[in-house]
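Listed below, chain by chain, are the residues.
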Amino acid sequence: MRANNLHMADIAHMVHQQTDLDAHGREGAVLIAKGDGVHVVDSEGRRYIEAMAGLWCASLGFSEKRLADAAYKQLLELPYYHTFFQKGHEPSVRLAEKLVEMAPGDLSHVMFQCSGSEANDAAIKVIWYYNNLRGKPAKKKLIGRIRGYHGNTVATASLSGQPHMQADFDLPYGDRFLHISNPHYYRFHEAGETERDFSARMAAELEALIEREGADTIAAFFAEPVQGGGGAITPPEGYFDLIQPILKKHDILFVADEVICGFGRTGNLWGSETYGITPDILTCAKQLTAAYQPLSATLISRPIQEALVAGSKKHGSFGHGFTYGGHPVACAVGLETLAIYEERDMVGHVRAVAPAFLNGLGAFRDHPLVGDVRGVGLIAGVELMADKASRTPFAPSRKVGVLVQNKCHEAGLIVRAIGDRIAFTPPLIITEAEIQDMCHRFREGLDAAW
Ligand code: PLP
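Please read all numbers here as calculations on a predicted model, not as lab measurements.

1. A few points about the pairing of strand 1 (residues 32-36)
In step 1: Little of strand 1 is tucked away, with zero of its five residues classed as buried.
In step 2: Relative to strand 2 (residues 39-42), strand 1 runs antiparallel, the two being bridged by four bridges. When the sheet's bridge partners are listed, Gly 35 is paired in strand 2 with Val 40.
In step 3: Counting the residues in the hairpin turn of strand 1 and strand 2 gives two residues, including Gly 37, whose phi is positive at 55 degrees.

Here it is, written out as structure tokens:
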């Protein structure tokens, strides 16, 4: 039986992802029908500023015709081919070449997948393979961080530090996934502790974990330069400077998960650049195609690539790959996206508008609901607090974050509540006037929730 109304059909048949399905069953969902620039319009005709760029990804907004044209052109030329069995196609080769040229540090080869989860999952598989092939079969454990997010496959959800994505899914799976503290200075620093002291405490915790487990059992450390799904949390001062030598000392790979931070979000091409990270592996997705096509990439260093080649001498084929990994249409859109970023100097634009964005949101520190505001480039988190002086959060049962999010929706602004942290990651093309409008609507939403 077909429901005669879109919302009824949605409730009747859709399993929404990352959604309270009980609430969805009662209230339905906001269904987005179209977009223009930084705005989207829902099926009832309501127009919103999309201050999350969808899921931290629609960097060029919702109406970039050049990307539609690039997809159409490629669909006519070669709508599909794979990169298996020593075959391939030009768009994936050109995009790999471009990414290596742009990458930080010494990354030389690219594996394409469709999603950020797959990019990190592929990194995990490659790391295990690499350590077997270099004669270190015991070196397999992976370190993630509490509140870190690396995806939703069995392995990446195990690596992530998101308890609600693990409970009753029987995750983390196995004993290869370790977690260290969330380096969220504002929430977790002790009285009188400076950011640098806090970073030193975080680094000491990492070193103690490595010593407890044995460095010869630990393969890699995964980190987002700025934690996104954990609440738009910027690293405390000195954090990555202290972490990296510890990893080097113990022969542990650093995987920079740039799925959110890559391609200008933090005011540099890479979050790794912003925070002085030299990764052994870098994963990226989302803004790689401005979200107009699903595509992700795992960039590896030459020693890792050499181990993969050694693996083929042993096993024949490199036994990994996805039918749609490096899809030609997605790669063509990726190439066009990167060309637009360069032509429009998107990194320069982010730097130019970041002060308006960060100062505009920073002004909410005075609001009675707000404890802290932090960000870099065009990513920021606004922390809601029951009592600012003692840094006491609201009781989770009050769902204050969701209330603010919903009031913002009513004010025509899409933001995301991550617990009691409101995340902002607008399309990179946002203008100062649109930032002012965004802040104005946020005040309306926040006041309505107060
Ligand atoms: N890594 C990070 C840092 C992310 O924020 C996300 C998604 O938000 C992922 C990985 C997973 O990407 P996807 O949802 O494309 O699988």
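From this point, the discussion proceeds with the structure in view.
2. Topic: the site of the ligand
In step 1: Taken together, 15 residues lie near the ligand, and Ser 115, Gly 116, Ser 117, Gly 151 and Val 259 sit nearest.
In step 2: The greatest single-element share of the shell around the ligand, amounting to three residues, is contributed by helix 6 (residues 116-133).
In step 3: Counted by class, the shell around the ligand contains five nonpolar, eight polar and two charged residues.

3. Structural notes on helix 14 (residues 346-362)
In step 1: Between its terminal C-alpha atoms helix 14 stretches 23 Å, which fits the 24 Å expected from 17 residues at 1.5 Å a residue.
In step 2: By the largest-angle criterion, Val 353 marks the main kink of helix 14, which is about 40 degrees, and a proline, Pro 355, follows within four residues.
In step 3: The inward-facing, buried residues of helix 14 abut helix 13 (328-343), strand 11 (370-376), strand 12 (379-384), strand 15 (421-424) and helix 16 (432-449).

4. Comments concerning the environment of Pro 427
In step 1: As for its placement among the helices and strands, Pro 427 is situated in the loop between strand 15 and helix 16.
In step 2: When the 27 C-beta atoms within 10 Å are taken as the criterion, Pro 427 is described as buried.
In step 3: Measuring from C-alpha to C-alpha, the distance between Pro 427 and Ala 290 comes to 9.0 Å, with 137 residues separating the pair along the chain.
In step 4: With sequence-adjacent residues up to four places away left out, Pro 427 is seen in contact with Val 38, Glu 50, Ala 53, Ala 58, Ser 59, Leu 60 and Gly 61.

5. Focus: the domain arrangement of the protein chain
In step 1: Splitting the protein chain by domain gives domain 1 (31-63 + 345-449) and domain 2 (68-343).
In step 2: Listed by contribution, the elements that provide at least two residues to the side of domain 1 that touches domain 2 are helix 3 (53-56), helix 14, strand 11, strand 12 and strand 15.
In step 3: The dominant element in the side of domain 1 that touches domain 2, judged by the number of residues it contributes, is helix 14, at five residues.

6. So, the packing of helix 15 (residues 400-410) against helix 16
In step 1: Between helix 15 and helix 16, whose axes approach to 8 Å, the crossing angle comes to 130 degrees. One finds that helix 15 runs oblique with respect to helix 16. The hand of the helix 15/helix 16 crossing is right-handed. The residues of helix 16 that touch helix 15, namely those facing Leu 403, Val 404, Lys 407, Cys 408 and Glu 410, are Arg 441, Phe 442, Gly 445, Leu 446, Ala 448 and Ala 449.
In step 2: For the contact of helix 15 with helix 16, the residue count by class is seven nonpolar, one polar and three charged.

7. Quick look at the environment of Leu 242
In step 1: Here Leu 242 is to be found in helix 10 (residues 239-249).
In step 2: When the C-alpha positions of Leu 242 and Ser 115 are compared, they lie 30 Å apart, and in sequence the two are 127 residues distant.

8. As for the sheet that holds strand 6 (residues 177-180)
In step 1: Strand order in the open sheet formed by seven strands is 4-10-9-8-7-5-6, with mixed pairing between adjacent strands. On the outer flanks of this sheet lie strand 4 (107-113) and strand 6, each paired with one strand and no other. Adjacent strand axes in the sheet meet at a mean angle of 20 degrees, parallel and antiparallel pairs treated alike.
In step 2: Examined bridge by bridge, strand 8 (residues 253-257) and strand 9 (residues 281-284) share three bridges and lie parallel to one another. The residue of strand 9 that forms the bridge with Asp 257 is Thr 283.
In step 3: Across the sheet, helix 9 (residues 195-213) lies against strand 5 (141-145), strand 6 and strand 7 (218-223), angled at about 150 degrees from strand 6, the strand it touches most.

How each quantity is defined
Residues numbered from 1 in each chain as written. Predicted model: local features only at pLDDT ≥ 70, side-chain atom pairs only at ≥ 80, totals over all residues. Buried ≥ 20, exposed ≤ 12 C-beta atoms within 10 Å, placed from the backbone. Helix = DSSP H or I, 4+ residues; strand = E, 2+ residues; numbered from the N terminus. Pairing = 2+ DSSP bridges. Near = placed C-beta within 6 Å. Nonpolar A, V, L, I, M, F, W, Y, C, P; charged D, E, K, R; others polar. Expected span 1.5 Å × (residues − 1). Bend = angle between axes of the 7 residues up to and from the residue. Contact = placed C-beta atoms within 7 Å. Domains from an automatic or database assignment. Axes fitted to C-alpha atoms, helices over the stretch in contact; angles between N-to-C directions. Parallel < 35°, antiparallel > 145°, perpendicular 65-115°, else oblique. Left-handed = near helix turned anticlockwise from the far one by under 90°.

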